[in-house]
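Secondary and tertiary structure notes
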Amino acid sequence: MSNLSQPEEYSRLVVEEGRYVPQRGDVYDSKNPHAHVNGVNFTKEMPTFDADYPYIDHSFKQKFWVFLYYARAWFIIRPLHFLVYGFRGRGYENIRKNKEIFKNGGLTVCNHVYRWDVAGVMDALGWCRLWFPIWREQLAGPDGRHMRAMGGIPVPDSVSALRKFYAAFDEVHQRKEWIHFFAEEARWDYYTPIRPFKKGAFVFALRYDLPIVPMAVSYRERTGFLKLFGKDPCITLNVGEPILANKDLKDKNAIIDDLRKRTHEAMVKLAGIKENPWTYNETEK
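Quick look at the structure, then. All figures in this text were calculated on a predicted structure; none of them were measured in a lab.

Take the overall build of the protein next. Counting its secondary structure elements, the protein contains 7 helices and 9 strands. The C-alpha atoms of the protein give 19 Å as radius of gyration, which agrees with the globular expectation for 285 residues (19 Å, within 12%). Looking at the protein as a whole, 50% of its 285 residues qualify as buried. Excluding contacts between residues fewer than 6 apart, the proportion of contacts in the protein whose partners are at least 24 apart in sequence is 74%. As displayed, the protein offers around 14,200 Å² of accessible surface, 52% of which is attributable to carbon and sulfur atoms. Averaging the positions of the 42 positive and the 35 negative side-chain charges in the protein gives two centres separated by 4 Å.

Below is the structure:
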C-alpha cells in the first residue's frame, strides 16, 4: 500500500489480507482525530440551544416529518444505499440472537466515515426508532430537518441546556428505544483506522445499564455494475457481539474506561485491522 496520498498514520496501519484500503488522497489533521473536517453549508439561521429548546420535539409537525422520513428510508433509501454505496451488512445475527438483553433498549457505536452511516446502523437494527447526539451546527444546514427526523438531538454548550439534553435521553431510555453514538465525534470520509473515542457513549451506557453493540465500517473496491452509480469505495457494515459493563471493577470511571477500551478493540477487529495506529484514548495521553 502506497503512503504517498494518505495521512501519516497509515504507515502504521496493518490490515488483514484481502481487506481493501481506499486510496482517496484525503489528508486529515492527525494531531486532532476529532476535528470536524466536513464543514456545514449554512442555509438557515442557527437555532438557540437553550433550556427552552425542544431536544425531543413532540409537535404534530415533527411527528409527521418522522413518519415521512422512515417511510422514505424503507422504500427509497434502502435500495439507494445498495446502489450508491454498495452497502452490505454482516453480523446482524448478533443483534437478533441477543434480543433478551435488549429488552430495555441498547446502545450502538460505529466509526463515522460516510454520509449515510446512520442509515447503515438503522438497517442493522431493522429500522426501529433511533436517537443520537449531533453536532448542533448541522441543524443550520440543508440536512438539519432530516437529521432531526432521524432522531438527532443537538449537543448544547451551556450547563442549563445540558440538563435538558440529558433529560431528553432519559426520556428515550424510559421508552426503551435505541441510542447511537459516533464515539470518534466527527466524520472523516472513507478513513480506514479506528480513531480514539470520546467518553460520552460509555457514560450513557453505564448511566442506563445498556449493552453496547459495536459496529465497524470496512470497504470494498467498487466493481461491476456498481461502477455506474459512483466512484467511491463500497461499504460493508460489520456488527459484533454485545458488550456488557464489567461491574466488578472498582469504580464508575474504571467501568466506563473498560467499556471504551473493549468497544474500541472490538471495532478494530470488526474492521479487519491487525495493527491500528490509534489507541482508544490517544487524545488523553
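Attention now goes to the sheet that holds strand E6 (residues 178-181). Ordered by their spatial adjacency, 7 strands build an open sheet running E2-E8-E7-E3-E6-E4-E5, and the pairing between neighbours is mixed. Two strands in the sheet have a free side with no partner beyond their single neighbour: strand E2 (88-90) and strand E5 (152-154). Looking at each pair of strands side by side, their axes are set apart by 25° on average, direction ignored. Examined bridge by bridge, E2 and strand E8 (residues 234-239) share 3 bridges and lie parallel to one another. Opposite Arg 88, over in E8, you have Thr 236 as the bridge partner.

The residue Trp 127 is not glycine, and still its phi comes out positive at about 60°. Inspection of the secondary structure assignment puts Trp 127 in the loop between helix H3 (117-125) and strand E4 (130-134). Overall, the relative accessible area of 10% leaves Trp 127 in the buried class.

Moving on to the pattern of salt bridges. On inspection of all chains with the given rule, the structure shows 18 salt bridges. We note a salt bridge from Arg 12 to Glu 8, for which the minimum N-O separation is 2.7 Å. Overall, the relative accessible area of 38% leaves Arg 12 in the partly exposed class. The partner of Arg 260 in a salt bridge is Asp 257, with the nearest N and O atoms 3.6 Å apart. Of the two residues, Arg 260 and Asp 257 both sit in helix H7 (residues 252-270), 3 residues apart, roughly one turn of that helix. Note on Asp 257: relative accessible area 28%, which makes it partly exposed.

Take the packing of helix H6 (residues 200-207) against H7 next. Taken N-terminus to C-terminus, the directions of H6 and H7 make an angle of 120°; their axes are 9 Å apart at the nearest point. On the basis of their axis angle, the class for H6 and H7 is oblique. For H6 against H7, the interelement crossing comes out right-handed. Across the interface between the two elements, Phe 202, Val 203, Ala 205 and Leu 206 of H6 pack against Lys 252, Ile 255, Ile 256, Leu 259, Arg 260 and Thr 263 of H7.

This part covers H7. An α-helical segment advances 3.6 residues per turn. Residues three or four places apart therefore align on the same side. Relative to the 27 Å expected for 19 residues at 1.5 Å per residue, H7 spans 27 Å between its end C-alpha atoms, a close match to the ideal helical length. If you check which residues of H7 are buried, you get Ile 255, Ile 256, Asp 258, Leu 259, Arg 260, Thr 263, His 264, Met 267, Val 268 and Leu 270. Where H7 is buried, its residues meet strand E3 (107-110), H6, strand E7 (212-220), E8 and strand E9 (273-275). A side-chain oxygen of the first residue of H7 lies 3.2 Å from the backbone nitrogen of Asn 253; this N-cap is Asp 251.

Their axes nearest at 11 Å, the elements helix H1 (residues 60-85) and H3 cross at an angle of 100°. With respect to H3, the axis of H1 lies roughly perpendicular. For the pair H1 and H3, the contacting residues are Tyr 69, Tyr 70, Ile 77, Arg 78 and His 81 in the first and Ala 119, Gly 120, Met 122 and Asp 123 in the second. The residue makeup of the contact of H1 with H3, split by class, is 5 nonpolar, 2 polar and 2 charged.

As enumerated under the stated definition, the model contains 21 aromatic pairs in all. Ring plane angle 50° and centroid distance 6.0 Å describe the contact between Tyr 190 and Tyr 219, whose orientation is recorded as tilted. Of the two residues, Tyr 190 is situated in the loop between E6 and H6 and Tyr 219 in strand E7; the sequence distance between them amounts to 29 residues. There is no split in this pair, since Tyr 190 and Tyr 219 are both buried. Between the aromatic rings of Phe 197 and Phe 202, the centroid separation amounts to 5.9 Å while the plane-to-plane angle is 25°, which identifies the pairing as stacked. The same class applies to Phe 197 as to Phe 202, namely buried.

Take the side chain of Asn 276 next. The residue Asn 276 is located in the segment after E9 in this model. A distance of 2.8 Å separates a polar atom in the side chain of Asn 276 from the backbone oxygen of Ile 194. A distance of 2.8 Å separates a polar atom in the side chain of Asn 276 from the backbone oxygen of Trp 278. With near-sequence residues (within four places) excluded, Asn 276 lies in contact with Pro 193, Ile 194, His 264 and Val 268.

Rules and cut-offs
Residues numbered from 1 in each chain as written. Predicted model: local features only at pLDDT ≥ 70, side-chain atom pairs only at ≥ 80, totals over all residues. Heavy atoms only, no water. Helix = DSSP H or I, 4+ residues; strand = E, 2+ residues; numbered from the N terminus. Rg over C-alpha atoms; globule rule 2.2 N^0.38 Å. Buried < 20%, exposed > 50% of the residue type's maximum accessible area, 1.4 Å probe, protein only. Contact = heavy atoms within 4.5 Å. Areas by Shrake-Rupley, 256 points an atom, 1.4 Å probe, with all protein chains shown as cover. Lys, Arg positive; Asp, Glu negative; His and termini not counted. Charge placed at Lys NZ, Arg CZ, Asp CG, Glu CD. Pairing = 2+ DSSP bridges. Axes fitted to C-alpha atoms, helices over the stretch in contact; angles between N-to-C directions. Salt bridge = Lys/Arg side-chain N within 4 Å of Asp/Glu carboxyl O. Parallel < 35°, antiparallel > 145°, perpendicular 65-115°, else oblique. Left-handed = near helix turned anticlockwise from the far one by under 90°. Expected span 1.5 Å × (residues − 1). Polar contact = N/O pair within 3.5 Å; in protein donor to acceptor, adjacent residues only side chain to side chain. Nonpolar A, V, L, I, M, F, W, Y, C, P; charged D, E, K, R; others polar. Phe/Tyr/Trp six-rings, centres within 6.5 Å; stacked < 30°, edge-to-face > 60°.

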